[in-house]
Every structure is written in C-alpha cells, then in structure tokens.
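Now for the letters of each chain:
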Amino acid sequence: MTKCRPKTILLIVIIAVALVLGLGLRHFNGQWFFFDMPDRSGWTGTGADRQYLDRHAGIIKNTLLEIDSEKYYFGPEGYVHTGEIELDGYVYSFDGRTGAMQYGWISRGGDRYYYDGEGRKVIDREYTIDGRDFLFDNDGAEVIGQVSLHGEYYYFEPLTGKLLNSEKLVEGAWRYFTEDGSRFGTGWVTLADGRTVYYDGENGMLFGEQDIDGAPYLLNISRGGRMTGTVYYQGEVYAISKDGIVQEREKLPLWRGIDVSVHQNEIDWKAVKSSGVQFAIVRGGYFAAEEDPVFVPDSRYVENILAAQENGISVGVYLYLYNYTVEGIEEGLADFHAYTIENRIRIDLPVFLDIEDKEYLKPGSDELGGYEYRTALARESMDRLTELGYQSGFYTFQNWANNEFDAERLFREGYPFWLANWFGNDSELDPATLSWNKTARPSLWQYRATGEVPGIKGEVDMDYLYWDR
C-alpha cells in the first residue's frame, strides 16, 4: 500500500482552505453554499420554515425581496412570512403554503378582501376593479348590501359591486339605484324594460291602487308598472287613461275566466284579454308525493302570471296535490312561497289546493284516514297558506265534494271553493242559474273543459267567478 506523504496531505488542506476562502463556500443546515458565484444563492428548508441565503448577505432577514418574479417577506429570524403583515403603513398578504405575495380577491372567514397590483390591501374606501365600484370596510372586508354614504344610500352587490341603473329588493321594498349608484327618492321612473313605475321615498316602489299627487292610479301588483286601458282587479273593472289615471270603476258580481298550465303552451295574453277574459287561474306547480323537492313549479308559471297581469287580467293560482301529508304539503308550500317571492309575483285572487288525485288521496278508501282525514288535510294546508300571506281556497269535482271530504263544511268556514262540474262539456248555461247541492253557489265554477279562446291553441277550461261568494 502506498502511504500518503505529508506533503500531499498538506497540499489537499491548502486546496480545501482556498476553496472555502476564495470561492465563498459555507456550510449551513447540513448543506454547502457558494456565496461569491451568481448561481449559488438559494432556498433552504421547506414550507413556512424556509429561509433564503444570499451569496453576499447570507440569511435574508426583515426584508421584502423579489425572487423569480415573486415577492416574499422574511422575518427577524429569516423565515419566510405567511399570512398578513403591515409594512410601512400598508397591509400585505402572503400565501400560507409558498409565502409568495398575494394579489386580487382573497376569501377569508366568509368575507372577501382585495389586494391591489402592489399587493396592498384595499381598506376603508370605495375602489374600482375591472370598471366596477366596490366598497371595503376598515378591516378591508368587502361591504355588501345597502350603505349610507355622505347622506345618500347605495347598494353593493357581491361580485358585481355598486348597483347602477338597477332595481333591487331591499328590506322588503323595491328600490331604484341611479346612474351614479345613489338610491332614487320619490317620483316616476321609466325603467329599461319600458315599465313606468312610481317610487315613494319611504316605502319604495308602489303597487296596486294608489293616490299620487291627488290622482287615482292602478299600478301592476307584481311589477309596479303604470296600467292603461281596461283592467280587472279585485272584483272591479277599471277604465284607465293613457297617462295611467283611473277614469271609471265598476263593480261586477260575475267574472268570466279560464284556468291554464304548461299544457296550453305559449299563450297570447293580449288576445285572451281582448276576447273578454277577466281572470285566470294559473297552475303554480304540483306537490310531489315521494320525490324531493316536494314543490315542482309549472314551467310557465312565472311567464303566465306576469303576462296576464301585464294585460290587465286578475290572476289566482292552483297547486295540484299528489302529496297526502300535512308535513309534506307544508314543506311544498314553503318552497312555493319562496319561489313566488323570488320571481317577484303578487297574486290578487286565491291560491287553490287542487284535491282530486285518485292514486295518492285514495277516494272511496279509509287507507289515509278517509273522509275526515282529507277534510283536515285540506283545512290545515289552507291555514298554512293563509299564514304565508295568501287568500287560500280549494278545488275539487262535484263527486269528491259530496263524498270524499266535507267541502261544504270548509266552504261555510270561509274557505273559497272552486267547483268543477262540466255538464257534458257543452253547456253555456246562465251562470246565475247554477247551484251546488241545490242551495249554494261556490266561489268559482269550472263549467267547461273544452273551451276555445283566442290566443290559446287547443282546448282550455272555462270558469265563472262569483264575487259575492
């Protein structure tokens, strides 16, 4: 074996020292770094425990530094900072995993925050982002909803910012926000869809019968638009001038109408109105027996209601019952109510529960408790409708009314009754001669199922409405 000579060992030591001193080689955390060469700076550690070693300065501390096009902040011990920190009067946010400075929208704790192009948090001011105005509170959280600023009210939507030239349901009242975003006070406004509506500074948009500047008006009950021509509303016929002022009102004891659903397809409601139809009962949907959700809306419910009202026709609603439990119907009614409010619908005639299903309500059977059960089911369901703010009633056929539940008792308790009795589908009887159980007229009478009305393709149900009932 060849022995290493002392001169050789000395030479190796001298070379090693030269490398350390001359090339800047340093040992840190078990790793070697060369600090005098451009490509020898770098990271050590992982995640939030990372530090950055600069070839000249060593461990970076108390410094905001850009590395590979990302900005990082290193604390007093040299570790990369994560989360928020205030530097020179500005608040910045650094990613919790990488430590890189964050920009734009960040969601945290249910609120949204915004960091501008310099990474600075937007705090306590209005700020324009992509052409939209947003408002941020003194913690930097996005402000949502109606806000009073400098004596004016404004409304800020999430994601879209300040409302401009737009209407909004605010605390139960419809408000209009103008071109600069301030809330409109009192007066007439023509909206983008052509509606001319009136806003009261205290109550918001007005609906129905109103006295404005000493003149009588009838405003659309769902959309608020000024009505003209002949309008049928709550048992009276209104003759309205082109400027929306009511000229005449006449009470009629009997109205002629129809009931419709998606099965009538698209309806020309202007033609329906011109034919003499004064009211319509529109299917709102049905209550499923076993599926979830319980309430399934008719696909033309909203369209039919709003178009009928726009043409001066009063509207009611019917809901078909497959569901046979009070709990199920209550759930369906809650969803129906939410859907109706969401689509800004107001109903001026009753909402009727359609009680006739042979499969689920089991006529001629005591399987569901029979006659008394169905009577109680109808009553409790109508009471729930009343609690939700609707006038509630029920619909059924003559046979069901006589044999399957106590329709007469419910009617005498004050619930509107809509009776189906078609007389062979070919009658045009004098409505004043019709009677139920020989002594009483119902509230509404569906007297025909094969009617023909301009504006509707195919057959349609025909009805009478007795205002004294």
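Please refer to the structure higher up on the page.
Residues numbered from 1 in each chain as written. Predicted model: local features only at pLDDT ≥ 70, side-chain atom pairs only at ≥ 80, totals over all residues. Heavy atoms only, no water.

Focus on the pattern of salt bridges
We apply this condition: What makes a salt bridge here is a side-chain nitrogen of Lys or Arg within 4 Å of a carboxyl oxygen of Asp or Glu, nothing more. Runs of E in the DSSP output that reach at least two residues are strands. Runs of H or I that reach at least four are helices, and both are numbered from the N terminus. Only protein chains enter the accessibility calculation, which uses a 1.4 Å probe. A residue is then buried if its area is under 20% of the maximum for its type, exposed if over 50%, and partly exposed in between.
Throughout the structure, instances matching the rule amount to 19 salt bridges. The partner of Lys 168 in a salt bridge is Glu 157, and the shortest N-O contact between them spans 2.9 Å. You can see Lys 168 sitting in strand S17 (residues 166–170) and its partner Glu 157 sitting in strand S15 (residues 152–157), a full 11 residues away along the chain. Residue Glu 157 is classed as buried on the basis of its relative accessible area, which comes to 18%. Members of the salt-bridge network, linked through shared partners, are Glu 167, Asp 193, Arg 195, Arg 223 and Arg 344.

With respect to the sheet that holds strand S21 (residues 204–205)
To be explicit about the condition: A pair of strands counts as paired when DSSP detects no fewer than two bridges linking them.
Across the sheet, three strands lie side by side as S19-S20-S21; this open sheet has antiparallel pairing. The open sheet has two edge strands, strand S19 (187–190) and S21, and neither has a second partner.

Comments concerning the sheet that holds strand S16 (residues 161–162)
One open sheet holds the three strands; their spatial order is S14-S15-S16, and the pairing between them is antiparallel. At either end of the open sheet lies a strand with only one pairing partner, and these are strand S14 (145–149) and S16. Here two bridges tie S15 to S16, and the two strands are oriented antiparallel to one another. Its bridge partner being in S16, Glu 157 is matched across the sheet by Gly 161.

A closer look at the pairing of strand S7 (residues 70–74)
Here strand S6 (residues 63–67) pairs with S7 via five bridges, running antiparallel. Residue pairing in the sheet places Leu 64 in a bridge with Tyr 73 of S7. Adjacent in sequence and paired antiparallel, S6 and S7 are bridged by two residues, among which Asp 68 carries a positive phi angle near 50 degrees.

Here's the deal with helix H4 (residues 326–342)
What counts here: Multiplying one less than the number of residues by 1.5 Å gives the expected span of a helix. Here the arc refers to the directions that run from the helix axis out to each C-beta atom. Residue contacts are defined here by distance: any two heavy atoms, one from each residue, within 4.5 Å place the two residues in contact.
Over its 17 residues, H4 runs 24 Å from end to end, which matches the ideal 24 Å to within 8%, given 1.5 Å per residue. Val 326, Gly 328, Ile 329, Gly 332, Leu 333, Phe 336 and Thr 340 are the residues of H4 that are buried. One face of H4 carries all of its buried residues, which in axial projection span an arc of 150 degrees. Facing away from the buried side of H4 by over 90 degrees, the exposed positions are Glu 327 and Glu 342. Buried residues belonging to H4 abut strand S28 (279–287), strand S29 (295–297), helix H3 (301–310), strand S30 (314–321), strand S31 (351–354) and helix H5 (370–387). Phi turns positive, to about 45 degrees, at Arg 344, one or two residues after H4.

Quick look at unusual backbone geometry
Here the bond from Asp 292 into Pro 293 is cis, since omega is 10 degrees, no more than 30 degrees from zero. Along the chain, Pro 293 falls in the loop between S28 and S29. Phi is positive for Leu 159, which is not a glycine, with a value near 75 degrees. On the secondary structure map, Leu 159 appears in the loop between S15 and S16.

Some words on the packing of aromatic side chains
Using the following cut-off: Pairing of aromatic rings covers Phe, Tyr and Trp, the last through its six-membered ring, and needs centres within 6.5 Å; plane angles under 30 degrees mean stacked, over 60 mean edge-to-face, and all others mean tilted. Here, a charge over a ring means that NZ of Lys or CZ of Arg falls within 6 Å of the ring centre while also lying within 35 degrees of the ring normal.
Per the counting criterion, the structure on display carries 36 aromatic pairs. A ring pair is formed by Tyr 320 and Tyr 322, whose centres lie 4.8 Å apart and whose planes are at 55 degrees; its orientation type is tilted. Judged by its relative accessible area of 16%, Tyr 320 is buried. By the ring-pair criterion, three or more aromatic residues cluster together here, those being Phe 287, Phe 295, Tyr 301, Phe 336, Tyr 339 and Tyr 390. Stacked on the ring of Trp 43, the Lys or Arg Arg 50 has its end atom at 4.0 Å from the ring centre.

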